[in-house]
Amino acid sequence: TFLVALCFSYFAKAFSGSYMKSSITQIERRFDLSSSTVGLVDGSFELGNLLVIVFVSYFGAKLHRPRIIAAGCFVMALGSFLSAMPHFFMGPYKYETVRSHVALHNNLTGSADSISPCLANRTLTEDIRPGCVKETSSYMWVYVMVGNMLRGIGETPITPLGVSYIDDFAEPGSTPLYIAFLHTVALLGPMAGFMLGSFFARLYVDIGFVDLDTVTITPQDTRWVGAWWLGFLLAGAVTLISGIPFCFMPKAMKRKEVQSSPDEQKLKEMETAREMMTLPSPAGFFLALKSLVCNRLYFILMVITILQMNSFLGFITYKPKYMEQQYGQSIAKSNFITGEWSMQ
């Protein structure tokens with residue numbers, strides 16, 4: 001039961017994270033943000049994660065881990081709901097005040113007509129055109145950034161505490177299989193997030209609030225903004241539901257008795273040493289930190305993982321926007337192609 005609940009939470013966090021990536025371009029356009037500012041909004045997730053990851057991973061190991069995971073899911077849900085709130089306070093989207101440039105939907109030649117007007121016929125030595133400099137007209141985007149940071153804080157306990165809980169109470173030799181289940185289910189999250197982002201990008205941002213017959217632009221127009229906020233509401237609901245089962249999980253489960261073997265004493269000594277390193281005290285914290293830093297294999301693996309994730313996150317964040325600007329594709333189609341890529 002715990003494994004099923006954890007798989008669902010893995011899917012929920014991957015789903016909400018990928019949907020945030022698919023909405024970057026629309027958030028940028030809706031709030032009149034620059035690429036650097038919207039990058040800060042997207043990076044606030046990792047910032048929130050870094051603020052608490054060390055403390056949650058270390059001190060949470062001796063507390064009620066399922067309930068901490070549940071609290072993390074609820075915080076993630078709160079962050080998703082908060083990200084959608086600016087839509088309800090900003091009023092209708094006035095695309096008439098935005099510069100127009102209709103993209104060529106199926107043009108893959110990279111001609112000047114299919115490229116963003118701020119990029120066409122511009123060399124590296126030229127200054128940015130005055131009309132291409134964005135001035136933020138509203139600071140409601142701060143709510144999106146704070147909501148994304150809350151998602152990062154809430155996601156923190158799911159992986160370290162969930163995997164350690166499985167490792168502590170699963171049958172010997174079953175942990176790798178259970179972790180494989182987790183990562184397999186997690187792969188469905190990005191696919192669902194980008195596919196849903198593609199669907200909502202075809203819906204006008206103020207759907208349900210304005211008469212759609214009065215909207216004179218199409219999704220191929222660069223002024224178009226889809227219903228980005230709907231996905232955050234759905235992601236918040238899914239994440240909220242994923243945290244409920246953990247509220248009823250026990251702090252510890254009965255461990256299966258291990259048969260006596262020549263290595264039994266050695267296993268007990270290793271378990272005792274691990275428990276000492278995870279004591280909720282400053283001394284135990286530095287002891288655990290020293291053990292990890294001095295482990296050369298772990299340190300190399302950590303460095304490699306950091307390099308891989310840095311390249312992957314930057315790529316997946318701006319890939320839809322790059323396809324839209326350079327190849328004249330709509331936001332919906334860019335997200336759909338990215339979702340297909342995540343399936344592979």
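Looking at an unreviewed UniProt entry, one finds the protein named Solute carrier organic anion transporter family member and attributed to Engystomops pustulosus. Of the comments in the UniProt record for the protein, the one headed Sequence similarities (unreviewed entry) reads "Belongs to the organo anion transporter (TC 2.A.60) family."

Trainee: Break down a nonpolar patch on the surface for me, citing the residues and quoting the values.
Mentor: Residues Leu292, Tyr298, Phe299, Met302, Val303, Ile306 and Leu307 make up a contiguous nonpolar surface patch of about 600 Å² in total accessible area. Examining the composition of the nonpolar patch, we find that six residues originate from one element, helix H12 (residues 296-327), more than from any other. Structurally, Val303 can be placed in helix H12.

Trainee: I'd like a rundown of helix H4 (residues 65-84), residues and numbers included.
Mentor: Helix length check: H4 (20 residues) gives 29 Å between terminal C-alpha atoms against 28 Å at 1.5 Å per residue, within 8%. Residues Arg65, Pro66, Ile69, Ala70, Gly72, Cys73, Met76, Ala77, Gly79, Ser80, Ser83 and Ala84 constitute the buried set of H4. For H4, the elements touching its buried residues are helix H1 (2-22), helix H5 (141-155), helix H6 (158-169) and helix H9 (228-243).

Trainee: Could you give an account of H12, naming the residues involved and the relevant values?
Mentor: Over its 32 residues, H12 extends 45 Å from the first C-alpha to the last, a length consistent with the 46 Å expected when each residue adds 1.5 Å. Tyr318 marks where H12 bends most, by close to 40 degrees; the proline Pro320 follows one to four residues later. Among the residues of H12, those classed as buried are Ile316, Thr317, Lys319, Pro320, Lys321, Met323 and Glu324. If you check the start of H12, you find a side-chain oxygen 3.3 Å away from the backbone N of Leu297, and it comes from Asn295. Gly328 lies just past H12 and shows a positive phi near 65 degrees.

Trainee: Please provide a residue-by-residue account of unusual backbone geometry, values included.
Mentor: Of note in the backbone geometry, Asp32 takes a positive phi value of approximately 55 degrees without being a glycine. Following the sequence through the fold, Asp32 ends up in the loop between helix H2 (24-30) and helix H3 (35-59). Residue Asp32 is classed as partly exposed on the basis of its relative accessible area, which comes to 28%.

Trainee: Quick rundown of the state of the cysteines? Include the residues and the values.
Mentor: Per the counting criterion, the structure on display carries zero disulfides. Free of any disulfide, Cys73 has its nearest neighbouring cysteine sulfur in Cys247, separated by 8.9 Å.

Trainee: Explain the pattern of salt bridges to me, and be specific about the residues and the numbers.
Mentor: Charged atoms that come close allow side chains of opposite charge to pair. The final tally for this structure, using the stated rule, is four salt bridges. Residue Lys13 is joined to Glu155 by a salt bridge in which the shortest nitrogen-to-oxygen separation is 3.3 Å. In this pair, Lys13 sits in helix H1 while Glu155 sits in helix H5, placing the two residues 142 residues apart along the sequence. Each member of the pair, Lys13 as well as Glu155, carries the same accessibility label: buried. The closest approach of N and O atoms between Arg223 and Asp221, which form a salt bridge, is 3.2 Å. Judged on exposure class, the residue Arg223 and its partner Asp221 are both buried.

Trainee: Report on the packing of aromatic side chains, specifying residues and quantitative values.
Mentor: Evaluated as defined, the whole model comprises 15 aromatic pairs. For the ring pair Phe31 and Trp228, a centre distance of 5.8 Å and an interplane angle of 65 degrees mean the geometry is edge-to-face. Pair noted here: Phe31 is in the loop between H2 and H3 and Trp228 is in helix H9, with a separation of 197 residues, a long-range link. The residues Phe31 and Trp228 share a single accessibility class, namely buried. Ring geometry for Phe88 against Phe209: centres 6.2 Å apart, planes inclined by 70 degrees, an arrangement best described as edge-to-face. Of the two residues, Phe88 sits in the loop between H4 and H5 while Phe209 sits in the loop between helix H8 (188-201) and H9, which places them 121 residues apart along the sequence.

Trainee: Give a detailed account of the environment of Tyr95, specifying residues and quantitative values.
Mentor: Positionally, Tyr95 belongs in the loop between H4 and H5. On the accessibility criterion, Tyr95 (6% relative accessible area) is buried. Taking the C-alpha atoms as reference points, Tyr95 and Thr216, 121 residues apart in sequence, are found 9.5 Å from one another. With near-sequence residues (within four places) excluded, Tyr95 lies in contact with Tyr204, Thr214, Val215, Thr216, Ile217 and Arg223.

Trainee: Which residues make up the UniProt feature "transmembrane region" (unreviewed entry) in the protein, and what are the values?
Mentor: When the UniProt feature table is mapped onto this chain numbering, "transmembrane region" (unreviewed entry) sits at residues 40-61, 68-89, 178-205, 225-248 and 297-318. Secondary structure within residues 178-205 divides into 82% helix and 0% strand; the distance between the first and last C-alpha atoms comes to 41 Å.

Trainee: How would you summarise the packing of H4 against H9 if you had to cite specific residues and measurements?
Mentor: Contact geometry of H4 with H9 gives a least axis separation of 8 Å together with a crossing angle of 165 degrees. Classed by the angle they form, the pair H4 and H9 counts as roughly antiparallel. In this structure, H4 meets H9 at a crossing whose hand is left-handed. On H9, the residues touching Ala70, Cys73, Phe74, Met76, Ala77, Ser80, Phe81, Ser83 and Ala84 of H4 are Trp228, Trp229, Phe232, Leu233, Ala235, Gly236, Ala237, Thr239, Leu240, Ser242 and Gly243. Tallied by class, the residues present in the contact of H4 with H9 amount to 14 nonpolar, six polar and no charged.

Cut-off values and rules
Residues numbered from 1 in each chain as written. Predicted model: local features only at pLDDT ≥ 70, side-chain atom pairs only at ≥ 80, totals over all residues. Heavy atoms only, no water. UniProt positions renumbered as here; feature names shortened; annotations may be inferred. Patch = residues over 30% accessible without salt bridge, like charges linked within 9 Å, V, L, I, M, F, W, Y side chains within 5 Å. Areas by Shrake-Rupley, 256 points an atom, 1.4 Å probe, with all protein chains shown as cover. Salt bridge = Lys/Arg side-chain N within 4 Å of Asp/Glu carboxyl O. Helix = DSSP H or I, 4+ residues; strand = E, 2+ residues; numbered from the N terminus. Expected span 1.5 Å × (residues − 1). Buried < 20%, exposed > 50% of the residue type's maximum accessible area, 1.4 Å probe, protein only. Contact = heavy atoms within 4.5 Å. Bend = angle between axes of the 7 residues up to and from the residue. Polar contact = N/O pair within 3.5 Å; in protein donor to acceptor, adjacent residues only side chain to side chain. Disulfide = S-S within 2.5 Å. Phe/Tyr/Trp six-rings, centres within 6.5 Å; stacked < 30°, edge-to-face > 60°. Axes fitted to C-alpha atoms, helices over the stretch in contact; angles between N-to-C directions. Parallel < 35°, antiparallel > 145°, perpendicular 65-115°, else oblique. Left-handed = near helix turned anticlockwise from the far one by under 90°. Nonpolar A, V, L, I, M, F, W, Y, C, P; charged D, E, K, R; others polar.

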